Amino acid sequence: MVAVFKDEKTLTDVRVMEVSQLRPVLGENHAMDPLVVLGGRTFFVSDSNGDIDPSDAAASGIMHKDTRHLSRRHLLVNGAPTRALSNKVWRPGWARMFNLSHDSDDLEPEIAVVIDRMVVTDGIHEDVCVTNNGTVPVEVEVEFQFDTDFADLFEVRGMAAVERVVTKQVHSQGVEFSYSNDGFSRRTHISLSATGARLNGSGPTYTIELDPREEWKTCVHIACHMDQEEDSTSPCPFAPDYANEAPVRFVRIIEAAPTLTTDNEGLRHAYRQAVRDLAALHFPAIDGEDWLIPAAGLPWFMAVFGRDSLIAAYQSLPFMPDLARSTLQALAVLQAESTDEFRDAEPGKIVHEMRYGELSATGKIPFGPNYGSHDATLLYLILLDEYHRWTGDDELVRKLEAPARRAITWMEKYGDPDQDGFLEYHRHSTGGLINQGWKDSFDAIRFADGRIAEGPIATVEIQGYAFDARRRTARLAERVWGDPQLAKRLRADADTVRDRVEEEFWHADGYYAMALDGDKKQVDSVASNMGHLLWSGLASEERAETVVNRLMAEDMFSGWGIRTMSTTTAGFNPLSYHNGSVWPHDTSLIADGMRRYGFHDEARKLVIGLIEASSFFGYQLPELFAGYSRSELGFPVQYLSANRPQAWASGSVLLGLRTLLGIEVEGGAIKVDEGLNGSIGHLKIEGLYGPDGTRTDINPD
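The model shown is predicted, which means the values in this text are computed figures rather than measured ones.

**Observations regarding the pattern of salt bridges**
Then step 1. A full pass over the atoms with the stated rule returns 44 salt bridges.
Then step 2. In this structure, the salt-bridge partner of Glu126 is Arg117, at a minimum N-O distance of 2.6 Å.
Then step 3. Note on Glu126: relative accessible area 1%, which makes it buried.
Then step 4. The class of Arg117 is buried, set by a relative accessible area of 0%.
Then step 5. Residues participating in the shared-partner salt-bridge network are Asp385, Glu386, Arg389, Asp468, Arg471, Arg472, Arg475, Asp592, Arg595, Arg596, Arg658 and Glu664.

**With respect to the sheet that holds strand E28 (residues 515-516)**
Then step 1. Pairing within the open sheet is antiparallel, and its 3 strands lie in the order E25-E28-E29. One side of each edge strand has no neighbouring strand; the edge strands of this open sheet are strand E25 (458-459) and strand E29 (522-523).
Then step 2. Alignment of E25 against E28, held across 2 bridges, turns out to be antiparallel. Looking at the pairing, Thr459 lines up with Ala515 of E28.

**Details of the environment of Val351**
Then step 1. Tracing the backbone through its elements, the reader meets Val351 in the loop between helix H6 (321-333) and strand E24 (353-354).
Then step 2. Of the residues examined, Val351 reaches a relative accessible area of 0% and is grouped as buried.
Then step 3. Sequence-distant contacts of Val351, defined by excluding residues within four places in its chain, comprise Val304, Gly306, Leu331, Leu334, Pro369, Asn370, Tyr371 and Ala376.

**Some words on the confidence of the model for the protein**
Then step 1. Scored by pLDDT, the protein has a mean of 89; 90% of the residues are at 70 or more.
Then step 2. Note on residues 237-243: pLDDT is under 50 here. Beyond four places in sequence and across chains, it has 17 contacts.

**Re a nonpolar patch on the surface**
Then step 1. A surface patch of nonpolar side chains, about 230 Å² in accessible area, is lined by Ile434, Phe442 and Ile452.
Then step 2. By the element assignment, Phe442 lies in the loop between helix H10 (401-412) and E25.
Then step 3. Take Phe442: its relative accessible area is 33%, and that puts it in the partly exposed class.

**Considerations on the packing of helix H5 (residues 306-315) against helix H8 (residues 376-391)**
Then step 1. Direction vectors running N to C along H5 and H8 enclose 25 degrees, while the axes themselves pass 9 Å from each other. Taken together, the axis directions place H5 and H8 in an arrangement best described as roughly parallel. Of the two possible hands of crossing, H5 and H8 adopt the one that is left-handed. Only Ala376, Leu379, Tyr380, Ile382, Leu383 and Glu386 of H8 make contact with H5, whose side of the interface consists of Gly306, Arg307, Leu310, Ile311, Ala313 and Tyr314.
Then step 2. For the contact of H5 with H8, the per-class residue count stands at 9 nonpolar, 1 polar and 2 charged.

**Considering the sheet that holds strand E7 (residues 80-81)**
Within a beta sheet, neighbouring strands are joined by backbone hydrogen bonds and run either parallel or antiparallel to one another.
Then step 1. As summarised here, the arrangement of the 5 strands in space is E7-E6-E12-E18-E17, forming an open sheet in which the pairing is antiparallel. With partners counted over all chains shown, the strands left at the sheet margins are E7 and strand E17 (198-199), one partner each.

**Regarding the packing of aromatic side chains**
Then step 1. If you walk through the whole model with that rule in mind, you get 19 aromatic pairs.
Then step 2. For the pair Trp438 and Trp648, a centre-to-centre distance of 6.4 Å together with 90 degrees between the ring planes defines the contact as edge-to-face. Taken together, the positions of Trp438 in the loop between H10 and E25 and Trp648 in helix H18 (residues 647-661) put the pair 210 residues apart, joining distant regions of the chain.
Then step 3. A relative accessible area of 3% places Trp438 in the buried class.
Then step 4. Since its relative accessible area comes to 3%, Trp648 is described here as buried.
Then step 5. Where Trp583 meets Trp648, the ring centres are 6.4 Å apart and the plane angle is 80 degrees; that geometry is what we call edge-to-face. Residue Trp583 is found in the loop between helix H14 (541-551) and helix H15 (584-596), and its partner Trp648 is found in helix H18; the two are separated by 65 residues along the sequence.
Then step 6. Judged by relative accessible area, which is 2%, Trp583 ranks as buried.
Then step 7. One aromatic cluster is present, formed by Trp438, Tyr577, Trp583, Tyr639 and Trp648 through successive ring pairs.

**Overview of helix H11 (residues 460-479)**
Then step 1. The first and last C-alpha atoms of H11 sit 29 Å apart over 20 residues, in line with the 28 Å expected at 1.5 Å per residue.
Then step 2. Burial of H11 is extensive: 17 of the 20 residues sit out of reach of the surface.

Cut-offs used in this document
Residues numbered from 1 in each chain as written. Predicted model: local features only at pLDDT ≥ 70, side-chain atom pairs only at ≥ 80, totals over all residues. Heavy atoms only, no water. Salt bridge = Lys/Arg side-chain N within 4 Å of Asp/Glu carboxyl O. Buried < 20%, exposed > 50% of the residue type's maximum accessible area, 1.4 Å probe, protein only. Pairing = 2+ DSSP bridges. Helix = DSSP H or I, 4+ residues; strand = E, 2+ residues; numbered from the N terminus. Contact = heavy atoms within 4.5 Å. pLDDT = per-residue confidence, 0-100. Patch = residues over 30% accessible without salt bridge, like charges linked within 9 Å, V, L, I, M, F, W, Y side chains within 5 Å. Areas by Shrake-Rupley, 256 points an atom, 1.4 Å probe, with all protein chains shown as cover. Axes fitted to C-alpha atoms, helices over the stretch in contact; angles between N-to-C directions. Parallel < 35°, antiparallel > 145°, perpendicular 65-115°, else oblique. Left-handed = near helix turned anticlockwise from the far one by under 90°. Nonpolar A, V, L, I, M, F, W, Y, C, P; charged D, E, K, R; others polar. Phe/Tyr/Trp six-rings, centres within 6.5 Å; stacked < 30°, edge-to-face > 60°. Expected span 1.5 Å × (residues − 1).

Right, dumping it as structure tokens:
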């Protein structure tokens, strides 16, 4: 069997495309309410009745470690697909569907099909139950159809396809698909517990006789294997409380999270959803290690993402400190040791993205791993200090001293290639990212007149991160590593960076320019980047109020959050990825920065705007949404292919809660800013994590 996409672009053509361009347009067959079960690196996206249609343009199918292991799944009853009546995702890794046979057209349908679906350690497990609710015996034909293309996730996103020859074997107990190429091999093994099947070429078909109220059941176990992994023994029949790794891990994380009690309904729902989503996105980042870090988001970024994991871990630190601990350890293992231009790697650099699909494994694209992020290394140092401040964990900070020192060296040497004091990026890989800050689409860094800036580019927020990383690492050097000379040098360098940014990034019209281009000219768009200088503490006290007022002006604050770019710029587009949209994580960092500078009302307004926006998305904040004005439309507009759930969007709720209460840790104790009390009604947090593993209740009333 040959699996080929209908895309005439060559792989060479698309290797130089930006990641944000590789987003498929939703086709006619795309269900607007797909059913998703998620457990770390494995997820199943289907239509509402549980089927996968290979003509669907969305990311449907079973994805496991960046490879699609099932691209077609049809359950036919009496020759036709079942009809969805109701379904429920009980928790991210477990869903139940209640369907009817398509010939049940009367008001009292006879044939019901109930499907329980769950993420398990090696893939997906289902229990299918067909029931005759009628008053007379019936003959029912139940047919399963399966297929796969073993597509790389980048192909699912729109990259030109690789032609594959997939081997298929159909037998009485199921189907097995396999594929191998240049040392890369994948296998999907589907087994069914029911007997007495006849084979239809795509799977088994059963003809069953059902008396009134009689049931027929079968388990369907879909195992996803990499390389030469052996089949595991699947549980059968399926039970919702089956103790496999993914759901047990999910429940454990939920139970360990602090409890929020509040009379603010929106905040209560948003907090609960954020904790659930972060738990669902956890996965072991390094084989053989129990280091659970958050994948960036579903469906496109279920992988190690340095920047996203670091920011999400920072946002959630007093709520889920183990997330920060694991992230720091895992990313230290993946830290670059040498220069590799194809992967944009340099010694000491923290990984940007780690993929396991065929295109990455065989070197067709530079993402196995990729280091094209100019801020992740700085965020690593920032998180290391923040983790220490909240936990007092000297042992881990000592253990990670060497990776941290390598990160400092990268910042001072490779991160600033022309040694002008600013960190500027310029991609080396033809298949990598042009822009290597968090706004990483190819057109994200624009002048006010709409021109796209040419590199090397020094974005203003990266300078803020470098300033903060130096100050924070100086604290660790002094208090934990016993190196006062390093601390003194880093603080002096931080002061120099602050002075240089104030001098060269400040625009005469009263704001910080978003970047300097390759000619050291100000990229003069008014953009959200400058708000991160409040979060990093670089902005001067004298200019902070001007920055806050500029960000809260109508052209920047949509009513739901801060736009990535001002409506007054020529490049503004409310439906763009980075040129006018609203990103919850962006707004949450800016809000926390405002709070730190004492602008409580503005910080509160931003956080409440995000919480209110979440109610339009089922209290699950997406990766981003459109930058239309709240006063103009009255509701936030969905961005077409935003990841949801998304780690740092979910983390925005947790950081927002911390911002609303002014929760900080000082001198080994948790403090609450009295200036923010009573801002959103009654609120109590029980079991917030603090220094030395203590659990603290926060009750500002």
